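# Fold and geometry: a report
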Amino acid sequence: MKLTERPLDKSNLQKPMTVQGIEKLDNGVKLNLGQQDAYIRLLSSDMSKVSILNKGDKEFNSVSIAKTKWDNPNFQIKEDNKKILLVSDSLTIDIQKSPFAIKYLDKSGNVINEDGDQGVGYENGKPYIFKKTDKNEAFYGFGQKMDGLNHRGQDIRVYNRENDQTPTSQYTFSSFPFFIGLKGDKAYGMFFDNTYRSYYNMAKESDDYYYFWADGGKLTYYFINGPEIKDVVDRYTDLTGKMQMPPEWAMGFHQSAWGYHQKDVEQVAKTYREKNIPIDGVMLDIEWMDDYKDFMWGSKFPDPDGMHKRLHDSGFHSTAIIDPAIRVPDPGQPEYFYYTDGTKKDLWVKNPDGTDYLGKVWPWGVPSKSVFPNFLQQKTRDWWAQQHSTMFDRGVDGIWNDMNEPANFSTKDYWTLPLDTVFETDEGVKMTHEEAHNIYAHTEAQATDEAFNTLKPNTRPFILTRASFAGSQRYATATWTGDNWSRWEFLRASIFQDMNVGLAGFPMVGNDIGGFAKNPYIGAVPTPELFARWVEVGAFYPFSRDHYNNDGKSPMETDANHSLAWQRQEPWQFGKEVEDISRKYINMRYELMPYLYNAFQRAHEEASPIMQPLVYQFQEDAKTHNIQDQFLFGDSLMMAPIVNEGATSRDVYLPAGVKWVDYWSGEEFDGGQTIKKEADLATLPIYVKKDSIIPRREVQQHTGEKPLTNLTLDTYLENEAMYSFYEDDASTEDYTKGEFNVTKFEVEKKRNKITFKQKQEVKNYKDSKIEQYTLKLNNVEKPSKIQAGRNKYQEVGSLADTQGKTNTFFYNANTKVLYVSIPADEKKEVQIR
């Protein structure tokens, strides 16, 4: 079977259906539509599930669904001759009987979303849904799409495959059949729970409607009422799962290249430390394997035990790549245990005739074959998980799942398995690759997560995946956007790609800083300017990694032989200016680690994106709806990167409703205006939302290098600023047992007085090392006195004099910044007059 697109034949749509009978359910209704039945269920007061099935078919949940049991919400069923109403506290589902159609209304009676005149149903086996829209409705989500932030007017394809070489590829490595509609300033979500390739015409054909369909499968979708975008993302991930808390080291900076041998890894790690550029992770690409055989160490890494000891001793963690394909030994080659054992246990994907399917992944240029594990079966996932012992036992800390679309070099069908290859589930159901393709990486991530649970119990997993599906965020820790190119277009695209992945419920996302792929003949090279601008942005990707293509060769060897086809891409390879710029912004990431760690905790708890589009926080401001080259890093810092070659200034939009502060100059601006910002090569324009507290610490060369004893509370005060600071051990699963602290800080301005107070809301983590808070107040006048109760604070002559010495303060008259050193156990309100 060829991978050919299956357009929707609009001349062959199903004839309009009529409700011929109604059966009341505990959480909704079952409707007789003649040849089909409709199940319309309220999972909560603001989320519904709609299934339209052929008679006798069971309702469907894909592997993306994490939660299938819901407490029935309070609702009423009302019926007359024309319609059926399901009415909850916040949502009304208005079901028209003839022709059958669904309309969603909010509690005020406003229409949120409704079926289009073309209706819903099946066209030649393809499930489809038409929806009405208006000219101002915007659409976000779908994962790492290359065509912008707002998808209105676009054709979208949801199918895992490698990007094209241009930033306009319709297909990407991730598949999220989920999007957010923003109608006026009210948001809703739509999740099409279908694992086949699906298609979305987002009002491209007409301003009056949009529609989506799939190559096959059942018609099942979920509707989520906001009205806030953050509510939609939170509820969607209640359904598909929240991310696990990553280990703190994974939040640091990472370095990688396709080509590193052991000597390169150790040289690069040593150089980072010598140059005082903070970093936590090094990554081992496919060269670590013995002739590309999974789970076997090869000659290019002759001493993995010694290497990992040296890495760990200097504060590094390693992440090693794994491909899902298992090599079949060529004639004359020795037995490969993992192939032999997996074959004996019958773990591989099958041809239609029941034989093992033989494809090909690595290496290039030889006729070697590969088999592919059937991760839909628990026995395969259990077996796969156990094999990771050969990596963990040698010191590997994280796992990098690559080539898991799955890629296959034996076919021209977008380099994947033939669509008629067969997967069998634990229940004995046979599923073709056409249905299983998009969830292959998801089930591999599930098996990898199991590897951590069984082999490294109570250790937080770090799993980086190339491909993903809705719900993969609950197994894989991080994703990246695959093999991008060293071109300005890909730097620009990285911003809206990552924001859309975050809106699709997968917060830890990044891009290869500087670009992975190069071709000097088409101008795809990481110039010093491009790398500098990219590392400025990349230092604030949720997953931050410099990764490049050296065509599988050792950079040290190619350097020595002067035969390096491409260009090395560690920060110091571009000269001192770019090295200093890299250090400056990576330092800033590590200074902001308490802020970033808390952003990850909110991502775990609420699915709040770490890299947020402006519309996420400011959907009431219509001017934010299409801005895709600025982003919020966490809740309070707005980045406005320079992403055009040769540019040294840009226009920056400041969202309405708050005041903004230029991070570098301290200049204050009202929101709701566009300003021009000059920005030389070393400057990333950054703005801080007023009434924000940003927790910081001193720079470390790696996370965990020094205990956090002094927490700086960088405060930009207008009236009142609050922050709930979360702390745990940053490495184990103990936080899931309640072992964490939450401290609420509040800073308030009252006439001529500023007050600071703290409240310990949760105190179950006993190993906190915090001894003092440095309250940093920006743009304030010098105080006449500071005291807590009767305890007066002493003025000192420098910031350094406040460190380790509480009940002191220092005022910098040049910058108008006040630093107050407060004991961590201060119970009284601190008053600054």
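Here the structure is a predicted model, which is why all the values come from computation and not from measurement.

### Describing the nonpolar core
Counting residues in each nonpolar core, the largest one holds 191 residues, and the members touching the most others are W288, F540 and F633. Top element by residues in this core is helix α9 (residues 488-503). It accounts for nine residues. If we ignore the near neighbours within four places in the chain, the residues touching W288 are F295, M296, W297, G298, F301, A320, I321, I322 and M391.

### What about the packing of aromatic side chains?
The tally for this structure, following the rule as stated, stands at 57 aromatic pairs. Ring centres of W348 and W383 lie 5.9 Å apart, and the angle between their planes is 85°; this geometry places the pair in the edge-to-face category. Of this pair, W348 sits in the loop between α4 (337-344) and β25 (369-371) while W383 sits in helix α5 (residues 378-387), placing them 35 residues apart in sequence. No difference in accessibility class separates W348 from W383, as the two residues are buried. An angle of 70° between the planes, with centres 6.4 Å apart, marks the rings of F669 and Y687 as edge-to-face. Placement of F669 in strand β39 (residues 668-670) and of Y687 in strand β41 (residues 686-689) is noted, with a sequence separation of 18 residues between them. Here F669 and Y687 have matching classes, each one buried.

### Observations regarding helix α10 (residues 528-538)
Residues three or four positions apart in an α-helix share a direction because the helix packs 3.6 residues into each turn. With nine of 11 residues buried, α10 is to be regarded as a mostly interior element. Those residues of α10 lying buried are L530, F531, A532, R533, W534, V535, E536, V537 and G538.

### A word on the side chain of N587
Looking at the element boundaries, N587 is found in helix α12 (residues 576-591). Accessibility expressed as a relative area gives 19% for N587, which makes it buried.

### Thoughts on empty space enclosed by the protein
Throughout the structure, instances matching the rule amount to three cavities of 30 Å³ or more. Counted as a void, the second largest cavity has a volume near 40 Å³. In this structure, the second largest cavity is lined by Y292, D294, D323, A325, R327, V361, W362 and S370. Along the lines of polarity and charge, the residues of the lining of the second largest cavity split into four nonpolar, one polar and three charged.

### Remarks on the sheet that holds strand β17 (residues 209-214)
To summarise the sheet geometry, strands pair through backbone hydrogen bonds and adopt either a parallel or an antiparallel arrangement. Taken together, the nine strands give an open sheet; going across it, the order is β5-β6-β7-β8-β9-β10-β17-β16-β12, and neighbouring strands pair in antiparallel fashion. In the strand order of this sheet, the two ends are held by β5 (75-79) and β12 (154-158), each with one partner. On average, adjacent strands in this sheet sit at an angle of 15° to one another, irrespective of strand direction. The sheet contact formed by strand β8 (residues 101-106) and strand β9 (residues 111-123) spans three bridges and is antiparallel. Within β9, the residue paired with L105 across the bridge is V111.

### Side note on the pairing of strand β42 (residues 692-696)
Of all five residues that make up β42, five are buried, and the element is covered over most of its length. Taking every second residue as pointing to the same face, both faces of β42 are buried, with S692, I694 and R696 on one and I693 and P695 on the other.

### Quick notes on the environment of A647
Along the chain, the position of A647 falls in the loop between β36 (637-639) and β37 (649-654). Considering only alpha carbons, one finds A647 and R157, 490 residues apart in sequence, at a separation of 33 Å. Filtering out sequence-adjacent residues up to four positions away, A647 remains in contact with E529, R533, I642 and A679.

### So, the pattern of salt bridges
Oppositely charged side chains are able to pair whenever their charged atoms sit close together. Tallied over the full model, the rule gives 58 salt bridges. Among the salt bridges present, the one from D234 reaches K242, with a minimum N-O distance of 3.0 Å. Judged by relative accessible area, which is 17%, K242 ranks as buried. Salt-bridge contacts for E557 lead to K263; the nearest nitrogen and oxygen are separated by 2.8 Å. Of the two residues, E557 is situated in helix α11 (residues 555-560) and K263 in helix α2 (residues 262-274); the sequence distance between them amounts to 294 residues. Accessibility expressed as a relative area gives 39% for K263, which makes it partly exposed. Residues joined by salt bridges that share partners form a network here, namely K275, K576, E579, D580 and R583.

### A look at the sheet that holds strand β32 (residues 509-510)
One open sheet holds the eight strands; their spatial order is β32-β31-β29-β26-β23-β20-β19-β33, and the pairing between them is parallel. Across the chains shown, the open sheet's two edge strands, defined by having one partner strand only, are β32 and β33 (544-549). Taken together, the four bridges between strand β20 (residues 281-284) and strand β23 (residues 317-322) define a ladder with parallel strand orientation. Within the sheet, the bridge partner assigned to V282 lies in β23 and is S318.

### Remarks on unusual backbone geometry
Cis peptide bonds are those with omega within 30 degrees of zero, and the linkage from G226 to P227 qualifies with 5°. Omega for the peptide link from W362 to P363 comes to -5°, which places this bond in the cis form. Secondary-structure assignment places P363 in the loop between α4 and β25. One non-glycine residue, A203, lies in positive phi territory at about 60°. For A203, the location among the structural elements is in strand β16 (residues 198-206). For R751, which is not a glycine, the phi torsion comes out positive at approximately 50°. Within the element layout of this structure, R751 appears in the loop between β45 (741-750) and β46 (753-763).

### Describing the environment of L799
In this fold, L799 is placed in the loop between β50 (794-795) and β51 (808-812). Overall, L799 belongs to the partly exposed group, its relative accessible area being 32%. Remark: the alpha-carbon pair of L799 and L777, spanning 22 residues in sequence, is separated by 13 Å. Leaving out residues up to four positions away in the same chain, L799 has contacts with F810 and Y819.

### Let's talk about helix α3 (residues 304-313)
Those residues of α3 not exposed but buried are P304, G306, M307, H308 and L311. Turning to α3, the residues buried within the fold contact α2, β20, β22 (293-297) and β23. In the stretch just after α3, G315 is the one whose phi turns positive, near 85°.

### Digging into the pairing of β41
Side-chain alternation along β41 places I686 and V688 on one buried face and Y687 and K689 on a second face that is also buried. Relative to β41, strand β38 (residues 659-662) runs antiparallel, the two being bridged by three bridges. Among the inter-strand pairings, D662 is bridged to a residue of β41, identified as Y687.

### Thoughts on the packing of α12 against helix α13 (residues 593-606)
Running from N to C, α12 and α13 point in directions that differ by 60°, and their axes come no closer than 5 Å. Judged on the interaxial angle alone, α13 and α12 are oblique. Contact with α12, carried on its side by R589, Y590 and E591, involves M593, P594 and L596 of α13 and no other residues of that element. Residue classes in the contact of α12 with α13 are distributed as four nonpolar, no polar and two charged.

### A short note on the environment of P177
Structurally, P177 can be placed in the loop between β13 (174-175) and β14 (178-183). Between the C-alpha atom of P177 and that of Y39, which follows or precedes it by 138 residues, the distance is 20 Å. Each residue touching P177, except ones within four places of it in the same chain, is listed here: V158, M190, F191, F192, N194, S198, Y200, F469 and A470.

Parameters at a glance
- Residues numbered from 1 in each chain as written.
- Predicted model: local features only at pLDDT ≥ 70, side-chain atom pairs only at ≥ 80, totals over all residues.
- Heavy atoms only, no water.
- Core = buried A, V, L, I, M, F, W, Y, C linked by side-chain atoms within 4.5 Å.
- Buried < 20%, exposed > 50% of the residue type's maximum accessible area, 1.4 Å probe, protein only.
- Helix = DSSP H or I, 4+ residues; strand = E, 2+ residues; numbered from the N terminus.
- Contact = heavy atoms within 4.5 Å.
- Phe/Tyr/Trp six-rings, centres within 6.5 Å; stacked < 30°, edge-to-face > 60°.
- 1 Å grid on protein atoms, 1.4 Å probe; cavity = no way out; pocket = protein on both sides within 12 Å on 5 of 7 lines; lining within 4 Å.
- Points joined across faces, edges and corners; volume = space filled by probe spheres on them.
- Nonpolar A, V, L, I, M, F, W, Y, C, P; charged D, E, K, R; others polar.
- Pairing = 2+ DSSP bridges.
- Axes fitted to C-alpha atoms, helices over the stretch in contact; angles between N-to-C directions.
- Salt bridge = Lys/Arg side-chain N within 4 Å of Asp/Glu carboxyl O.
- Parallel < 35°, antiparallel > 145°, perpendicular 65-115°, else oblique.

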